[in-house]
Amino acid sequence: DTAVSQTPKYLVTQMGNDKSIKCEQNLGHDTMYWYKQDSKKFLKIMFSYNNKELIINETVPNRFSPKSPDKAHLNLHINSLELGDSAVYFCASSPMHVPDTQYFGPGTRLTVL
Amino acid sequence: GQQLNQSPQSMFIQEGEDVSMNCTSSSIFNTWLWYKQDPGEGPVLLIALYKAGELTSNGRLTAQFGITRKDSFLNISASIPSDVGIYFCAGGNSGNTPLVFGKGTRLSVIA
């Protein structure tokens, strides 16, 4: 199926640990994003990459580091996890010709204990 | 930063009723989008609007891009139980700045 996929779906971990979330899209899109959705369902952009190049970095602690090995993949690595990092993280992608038309992955629910 | 005011925050309606929700902004957008999020899932794109005044339908859904480019509405006709979910509006500026999302309208349909 053509889609944006993320792994894992659920991630439960202890404070202080380091974890990664992976995202892949097979839509042939040029731009990929990471969003954080808090408990009130507010969606906030974290990063965007265009053809492996970082173009948006929205006031995110430097414990969060995105990595794009190629334009179909955008991974999110989080160091020294804190309680406040608990949220649902969504990956999204969009094509070059209509960059606002973003397609979202199913989300990764991160719980930090 | 830019903010979107989405209303209502929540709605409880009877199956078969029509629904209307809207988004307003203090600034102009070039693109308006409407998404639906089911529990435990990611937002799914319903309708994308690219031109002021544009009226677009997708099945029972109709959305309009306001003439002033500062607002958009989404109508759902003859609601059914599977319409339950959170509907988000989003405004964009052709990829030059991040999408701005509304806080969502939570729709409940009573059978």
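What you see is a predicted model, and the numbers here were worked out from it, not measured in a lab.

*Asks:* Just give me the short version of the overall build of chain A, but keep the residues and values in it.
*Replies:* A tally of regular secondary structure across chain A gives zero helices and eleven strands. Along chain A, from the amino end to the carboxyl end, the secondary structure elements read β-β-β-β-β-β-β-β-β-β-β. In terms of overall dimensions, chain A is globule-like: its C-alpha atoms have a radius of gyration of 13 Å, near the 13 Å expected for 113 residues. By its C-alpha atoms, chain A is 40 × 25 × 25 Å across when sized along the principal axes. Counting across all 113 residues of chain A, residues that qualify as buried make up 47%. Across chain A, every contact between residues at least 6 apart in sequence was considered, and the portion connecting residues at least 24 apart equals 54%. Here chain A has roughly 5,600 Å² of accessible surface; of this, 52% comes from carbon and sulfur atoms.

*Asks:* Kindly report on the environment of Asn 5 of chain B, identifying the contributing residues and their values.
*Replies:* Relative to the assigned elements, Asn 5 of chain B resides in strand S1 (residues 4-7). Sequence separation of Asn 5 of chain B and Phe 101 of chain B is 96 residues, and the distance between their C-alpha atoms is 9.1 Å.

*Asks:* Account for the environment of Leu 74 of chain A, with residues named and values stated.
*Replies:* Residue and element names in this part refer to chain A. As for its position among the elements, Leu 74 is in strand S8 (residues 73-78). The class for Leu 74 is buried, based on a relative accessible area of 0%. Note: C-alpha distance between Leu 74 and Val 88 (14 residues apart in sequence) is 16 Å.

*Asks:* Now, about the state of the cysteines: what can you tell me, with residues and values included?
*Replies:* Applying the stated criterion across every chain yields a total of two disulfides over all chains. Each disulfide pairs two cysteine sulfurs, and for Cys 23 of chain A the partner residue is Cys 91 of chain A, the sulfurs being separated by 1.8 Å. When the S-S torsion is -75°, as for the bridge of Cys 23 of chain A with Cys 91 of chain A, the disulfide is left-handed. In this pair, Cys 23 of chain A sits in strand S3 (residues 19-25) while Cys 91 of chain A sits in strand S9 (residues 87-94), placing the two residues 68 residues apart along the sequence. Side by side, Cys 23 of chain A and Cys 91 of chain A carry an identical accessibility label, which is buried. Note on cysteine connectivity: Cys 23 of chain B is disulfide-linked to Cys 89 of chain B, with sulfurs 1.6 Å apart. Residues Cys 23 of chain B and Cys 89 of chain B share a disulfide whose torsion about the S-S bond is about -50°; that sign makes it left-handed.

*Asks:* Help me get a handle on the nonpolar core, residues and values and all.
*Replies:* If you look at the biggest cluster of nonpolar residues, it comprises 22 residues, and the most contacted ones within it are Leu 74 and Leu 107 of chain B. Elements with a minimum of two residues in this core: strand S2 (10-14), strand S3 (19-25), strand S4 (31-37), strand S5 (44-49), strand S7 (61-65), strand S8 (71-76), strand S9 (85-92) and strand S11 (105-110) of chain B. Other than its neighbours up to four places away in sequence, Leu 107 of chain B contacts Met 11, Ile 13, Val 19, Ile 76, Asp 83, Val 84, Gly 85 and Tyr 87 of chain B. The next biggest cluster of nonpolar side chains, apart from the first, holds 20 residues, and it includes Val 4, Phe 64, Ala 87 and Cys 91 of chain A.

*Asks:* Please give an account of the interface of chain A and chain B that cites residues and values.
*Replies:* Counting from both sides, the interface comprises 19 residues of chain A and, opposite them, 23 residues of chain B. Taken together, the two surfaces of chain A and chain B that pack against each other cover about 1,600 Å², and 62% of this comes from carbon and sulfur. Remark: the boundary between chain A and chain B carries zero salt bridges. Every element with two or more residues in the side of chain A that touches chain B is listed here: strand S4 (31-37), strand S5 (43-50) and strand S10 (103-104) of chain A. When its residues are assigned to classes, the side of chain A that touches chain B shows eleven nonpolar, four polar and four charged.

Cut-offs and rules
Residues numbered from 1 in each chain as written. Chains lettered and ligands numbered in written order. Predicted model: local features only at pLDDT ≥ 70, side-chain atom pairs only at ≥ 80, totals over all residues. Heavy atoms only, no water. Helix = DSSP H or I, 4+ residues; strand = E, 2+ residues; numbered from the N terminus. Rg over C-alpha atoms; globule rule 2.2 N^0.38 Å. Buried < 20%, exposed > 50% of the residue type's maximum accessible area, 1.4 Å probe, protein only. Contact = heavy atoms within 4.5 Å. Areas by Shrake-Rupley, 256 points an atom, 1.4 Å probe, with all protein chains shown as cover. Disulfide = S-S within 2.5 Å. Core = buried A, V, L, I, M, F, W, Y, C linked by side-chain atoms within 4.5 Å. Buried area = accessible area lost by both parts, 1.4 Å probe. Salt bridge = Lys/Arg side-chain N within 4 Å of Asp/Glu carboxyl O. Nonpolar A, V, L, I, M, F, W, Y, C, P; charged D, E, K, R; others polar.

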